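What the coordinates show
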Amino acid sequence: MLGLLGYMAVLFPHLDPAYEVAAAQAADTDSPFSETETQPTAPHPLSIALLPMVTEPGAPVPAPVVAEVTRDVTTELGGLGLQVADDRAAAAIRINTPFHEAGRLLGVRYVLAATVGGTEDDLRIHATLTDCDTKRIVWKGTFWKTLRSGGAFDGREIAAALGTVLPIERQRSLVEEF
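Summarised in this report is the structure supplied together with it. (Residues numbered from 1 in each chain as written. Predicted model: local features only at pLDDT ≥ 70, side-chain atom pairs only at ≥ 80, totals over all residues. Heavy atoms only, no water.)

1. Notes on the overall build of the chain
- Looking only at helices and strands, one finds seven helices and six strands in the chain.
- In sequence order, the chain lays out its α and β elements as α-α-β-β-α-β-α-α-β-β-β-α-α.
- Long-range contacts, defined as pairs at least 24 residues apart, comprise 59% of the intrachain contacts of the chain with a sequence gap of at least 6.
- Of the roughly 11,700 Å² that the chain leaves accessible, carbon and sulfur atoms contribute 57%. (Helix = DSSP H or I, 4+ residues; strand = E, 2+ residues; numbered from the N terminus. Contact = heavy atoms within 4.5 Å. Areas by Shrake-Rupley, 256 points an atom, 1.4 Å probe, with all protein chains shown as cover.)

2. A few points about the nonpolar core
- In this structure, Val73, Leu112 and Leu162 are the most contacted members of the largest nonpolar core, which totals 30 residues.
- Where this core is concerned, the elements lending two or more residues are strand 1 (47-50), helix 3 (63-79), strand 4 (110-118), strand 5 (122-131), strand 6 (136-146) and helix 6 (156-165).
- Leave out the neighbours within four places in its chain, and Val73 touches Leu50, Met53, Leu112, Phe153, Gly155 and Ile158.
- Judged by nonpolar contacts, the second largest core, of 11 residues, contains Ala49, Ala90, Ala113 and Cys132. (Core = buried A, V, L, I, M, F, W, Y, C linked by side-chain atoms within 4.5 Å. Buried < 20%, exposed > 50% of the residue type's maximum accessible area, 1.4 Å probe, protein only.)

3. So, the environment of Ile168
- Positionally, Ile168 belongs in helix 7 (residues 168-177).
- The sequence separation of Ile168 and Pro45 amounts to 123 residues, and the corresponding C-alpha distance is 9.5 Å.
- Each residue touching Ile168, except ones within four places of it in the same chain, is listed here: Leu46, Leu80, Leu82 and Gly163.

4. Some details on helix 3
- With 17 residues, helix 3 should reach 24 Å at 1.5 Å per residue; the first-to-last C-alpha distance of 25 Å fits that figure.
- Along helix 3, the residues that are buried comprise Val65, Val66, Val69, Thr70, Val73 and Leu77. The arc that holds the buried residues of helix 3, viewed along the axis, is 140°, so those residues lie on one side. Among the exposed residues of helix 3, those pointing more than 90 degrees away from its buried face are Pro64, Arg71, Thr75 and Gly79. (Expected span 1.5 Å × (residues − 1). Arc of directions from axis to C-beta.)

5. Some words on the packing of helix 3 against helix 6
- Contact pair helix 3 / helix 6: the axes reach a minimum separation of 8 Å and the direction vectors enclose 40°. By the criterion of interaxial angle, the relationship of helix 3 to helix 6 is oblique. Along this stretch, helix 3 crosses helix 6, giving a crossing that reads as right-handed. Where helix 3 abuts helix 6, its residues Val73, Glu76 and Leu77 lie against Arg156, Ile158, Ala159 and Leu162. (Axes fitted to C-alpha atoms, helices over the stretch in contact; angles between N-to-C directions. Parallel < 35°, antiparallel > 145°, perpendicular 65-115°, else oblique. Left-handed = near helix turned anticlockwise from the far one by under 90°.)

6. Here's the deal with the pairing of strand 5
- With respect to burial, strand 5 is a largely interior element, seven of its 10 residues being buried.
- For strand 4 and strand 5, the ladder comprises nine bridges, and the chain directions are antiparallel. Note on strand 5: the bridge partner recorded for Tyr110 is Asp131.
- The antiparallel pairing of strand 4 with strand 5 creates a hairpin that spans three residues between the two strands.
- Here strand 5 pairs with strand 6 via 10 bridges, running antiparallel. (Pairing = 2+ DSSP bridges.)

Okay, here's the thing in structure tokens:
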């Protein structure tokens with residue numbers, strides 16, 4: 001049986017004219033089937049990724065509260081007109097990855113990283129915005145929220161603060177002029 005397969009492997013290319021065409025296309029450097037080198041595209045100027053918020057060491061903030069804060073901030077950033085990276089893709093980034101490298105991997109211009117501290121009723125959020133092009137920290141902010149009255153955290157404060165730092169209005173006016 002093995003001899004028959006070996007014989008067919010040697011004989012088949014000579015009998016099938018389609019094989020010769022495929023072999024010629026594979027050898028041709030201008031063929032659409034050949035690999036081409038692609039340049040990475042520049043990220044959208046108003047694209048952002050929110051890395052998963054982490055709890056400060058020793059802070060008794062439950063994971064569902066941290067997840068809710070992350071969701072709220074992500075929703076508010078999308079409401080500003082920013083292109084927000086998928087939160088599942090951002091969650092796949094390793095914790096030790098530098099912010100600018102995480103932004104490059106996610107294809108965004110800015111990365112927002114935050115830590116949550118305090119208690120379940122009194123949240124303290126430290127946020128840092130990094131420009132992935134320049135590898136510099138553009139903005140830092142700290143926010144306090146008391147949840148004792150049964151209220152939930154609202155990501156509008158962080159989104160509003162980022163709205164003053166990012167060129168959102170300038171970008172909107174350029175789109176309107178076009």
